[in-house]
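Structure at a glance
Take a look at the letters that make up each chain.
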Amino acid sequence: MDFIDMSVPEHKTEVMNVLEEALKKDRVKTTVVDMTKLGLIEMTRKNIREGFESLVTQPCPYCEGRGKILSSESVARNVEKKIRKYFAQTIASAIEVEVHPSVAEVLLGKNDGNLFRIENAFNKRIVIKASEDVKHEDIFIKEIDPDNLLT
Ligand SMILES: [Zn+2]
């Protein structure tokens, strides 16, 4: 690290102290050697990249660090699994499934054909709600009153 142009010796000491305090909070082991006459601080640091990244970044909530997210088709398949679990645990006759619009598109299918297939498979009413606020892989299922359905 370069702290060049510090003529007052106390300032150098101050910088060293602040730096050493800051490094105590760092999970990565760092050894400060000393400051040279030119204001250069030499330090050794284990795996700088990993340490630095963990300080300034956090895992992506969308892909959970995989760097990829499930395709809309995969999420749609997960929706069907989740619906199956849901109906196994409740006596609901109608549900609303809230998903990302791209997943909703797959779930509905051409002319809603896929949704009809799913509804027939479970013999229940299913309303697909497309929501921009829902993350790509998230699926929210809730029971709704079948009497309030418009169609
Ligand atoms: Zn991501």
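Reading guide: rules and limits
Residues numbered from 1 in each chain as written. Predicted model: local features only at pLDDT ≥ 70, side-chain atom pairs only at ≥ 80, totals over all residues. Heavy atoms only, no water. Core = buried A, V, L, I, M, F, W, Y, C linked by side-chain atoms within 4.5 Å. Buried < 20%, exposed > 50% of the residue type's maximum accessible area, 1.4 Å probe, protein only. Helix = DSSP H or I, 4+ residues; strand = E, 2+ residues; numbered from the N terminus. Contact = heavy atoms within 4.5 Å. Arc of directions from axis to C-beta. Domains from an automatic or database assignment.

Re the nonpolar core
Of all hydrophobic cores here, the largest spans 20 residues; its most connected members are Ile83, Ile95, Val97, Val99 and Ile126. Those elements that place two or more of their residues in this core are helix H3 (72–89), strand S3 (94–99), helix H4 (101–108), helix H5 (113–122) and strand S4 (125–130). Here the element with the most residues in this core is H3; it accounts for six residues. Once you skip the residues sitting within four places of it in the chain, Ile83 turns out to touch Ile95, Val97, Ile118, Phe122, Ile126 and Ile141. Formed by eight residues, the second largest nonpolar core is a distinct cluster that contains Leu19, Leu23, Met35 and Ile41.

Examining H5
Here H5 has its buried residues at Leu115, Ile118, Glu119 and Phe122. End-on view of H5: buried residues confined to an arc of 100°, all on one side of the axis. Across H5 from its buried face, at more than 90 degrees, point the exposed residues Asn120 and Ala121. In this structure, the buried side of H5 is in contact with H3, H4 and S4. Among the residues trailing H5, Asn123 stands out with phi positive, at a value near 55°.

Topic: the domain arrangement of the chain
Along its sequence, the chain is organised into domain 1 (9–56) and domain 2 (72–148). Computed over C-alpha atoms, the centres of domain 1 and domain 2 are 53 Å apart.

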